[in-house]
Amino acid sequence: MTIHIGAKPGEIAETVLLPGDPLRAKWAAETFLDDPVCVNQVRGMLGYTGTWHGNRVTIHGSGMGMPSLSIYANELIRDYGAQTLIRIGSCGAMQPHVGLRDVILAQTASSLSTPSSGMFRELSFAPCADFGLLTAAHAAAQGKHVTTHVGGIYSSDVFYDERPDLNDQLTRHGILAVEMETAELYNLAARYGRRALAVLTVSDHLDTGARLTSVEREQSFGAMVEIALTAAFS
Ligand code: HPA
């Protein structure tokens, strides 16, 4: 047990999928895993361990934003020995050619700051995905006929942002989408020598204001979980 995770030693798999929403973790575990067992309920941040095609997997909520993800990823890595961590979540598109329901594989994650910024000080570290996971996820997505984009994303500290000028610069520099967790996941994976990737589904578009309904979100979320699981065990 750790401060934020109630699982006993050995109850967390080496491969962990991290949706932001704990109820998504429950849904994904019950939908895709065999014999899912709830291993964490502390603060309502649900985690489940089961098997997928015979491989042990934990699906655990990360909460919203990098400080929350940092707590769970630190404990999963340092206390439970997680080796492969794949964020599965939603994002807002920042390019005209990126549409609702498209899948984005985050090659890099830019940010204004992360929980690691205080430690990095003047260093502008470049958080990036594990190349093996990235290529495996790309192959898995091709097999699913999901429109997939690989490139840079922006990990923001705010959902309700007040910097349209910054968004303009990010769009100008080819950033595909915005979310709120991946940069710190990649920082931690680099620090501890683990594999990490973010597989994201576009739930809304910053320019047009278009957004998925909750039913559409659930359907698209399924493709993303399968891509993440296939990549983890390729
Ligand atoms: N901003 C930040 N995070 C997000 C968004 C957004 O528009 N959509 C989904 N996650």
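**Let's talk about the site of the ligand**
- What surrounds the ligand is the set Ser90, Cys91, Gly92, Phe159, Val178, Glu179, Met180, Ser203, Asp204 and Leu206.
- Between the ligand and glycine 92 there is a distance of 3.3 Å, counted from a nitrogen atom to a backbone nitrogen or oxygen.
- At 2.8 Å, a side-chain N or O of aspartate 204 approaches a nitrogen atom of the ligand.
- Protein chains bury 88% of the 260 Å² of accessible surface belonging to the ligand in isolation.
- Given that more than half its atoms are within 2 Å of the pocket grid, the ligand belongs to the largest pocket.
- For the shell around the ligand, the elements supplying multiple residues, two or more each, are strand 5 (84–93), strand 8 (177–179) and strand 9 (195–205).
- It is strand 5 that contributes the most residues to the shell around the ligand, 3 residues altogether.
- Classifying every residue of the shell around the ligand by side-chain character gives 5 nonpolar, 3 polar and 2 charged.

**Focus on the packing of aromatic side chains**
- Per the counting criterion, the structure on display carries 5 aromatic pairs.
- Taking the centre distance of 4.9 Å and the plane angle of 15° together, the rings of phenylalanine 120 and phenylalanine 125 count as stacked.
- Here a set of aromatic residues connected by ring pairs shows up, and it is made of Trp27, Phe32 and Phe221.
- Between the NZ or CZ atom of arginine 24 and the centre of the ring of phenylalanine 221, over which it lies, the distance is 4.9 Å.

**Some details on the environment of valine 37**
- Of note, valine 37 is situated in strand 2 (residues 34–40).
- Placed 162 residues apart in sequence, valine 37 and valine 199 show a C-alpha to C-alpha distance of 24 Å.
- In contact with valine 37, other than residues within four places in its own chain, are Gly47, Tyr48 and Thr49.

Parameters at a glance
- The numbers attached to residues start from 1 for each chain and follow its sequence in the written order.
- In keeping with the model being predicted, local features are shown solely for residues with a pLDDT of at least 70 and side-chain atom pairs are shown and tallied solely at 80 or more, while totals for entire chains, interfaces and linings include all residues.
- To obtain the side-chain values, all non-hydrogen atoms of the structure were used and water was disregarded.
- Working definition: residue near molecule or strand if any one of its non-hydrogen atoms lies within 4 Å of it.
- Under the rule applied, a polar contact is a pair of N or O atoms within 3.5 Å (in protein, one hydrogen donor and one hydrogen acceptor; residues adjacent in sequence only if both atoms are side-chain atoms).
- To measure how exposed things are, a 1.4 Å probe is used in the Shrake-Rupley method; for residues, cover is taken only from the protein chains shown.
- Put simply, the grid is 1 Å and covers the protein atoms alone, a cavity is a trapped set of points that fit a 1.4 Å probe, a pocket is an open set with protein on both sides within 12 Å along at least five of seven lines, and lining residues have an atom within 4 Å of a point.
- More than half of a molecule's atoms lying within 2 Å of a cavity's or pocket's grid points is what places that molecule inside it.
- The numbering of helices and of strands both runs from the N terminus, where a helix is a DSSP run of H or I of at least 4 residues and a strand a run of E of at least 2.
- Only Asp, Glu, Lys and Arg are considered charged in this grouping, and only Ala, Val, Leu, Ile, Met, Phe, Trp, Tyr, Cys and Pro are considered nonpolar; every other residue, Gly among them, is considered polar.
- Classification of ring pairs uses Phe, Tyr and Trp, with its six-membered ring standing for Trp, and accepts pairs whose centres are within 6.5 Å; under 30 degrees between planes counts as stacked, over 60 as edge-to-face, and the remaining range as tilted.
- Criterion for a charge above a ring: Lys NZ or Arg CZ within 6 Å of the ring centre, and within 35 degrees of the ring normal.
- By definition, residues are in contact when any of their heavy atoms lie within 4.5 Å.

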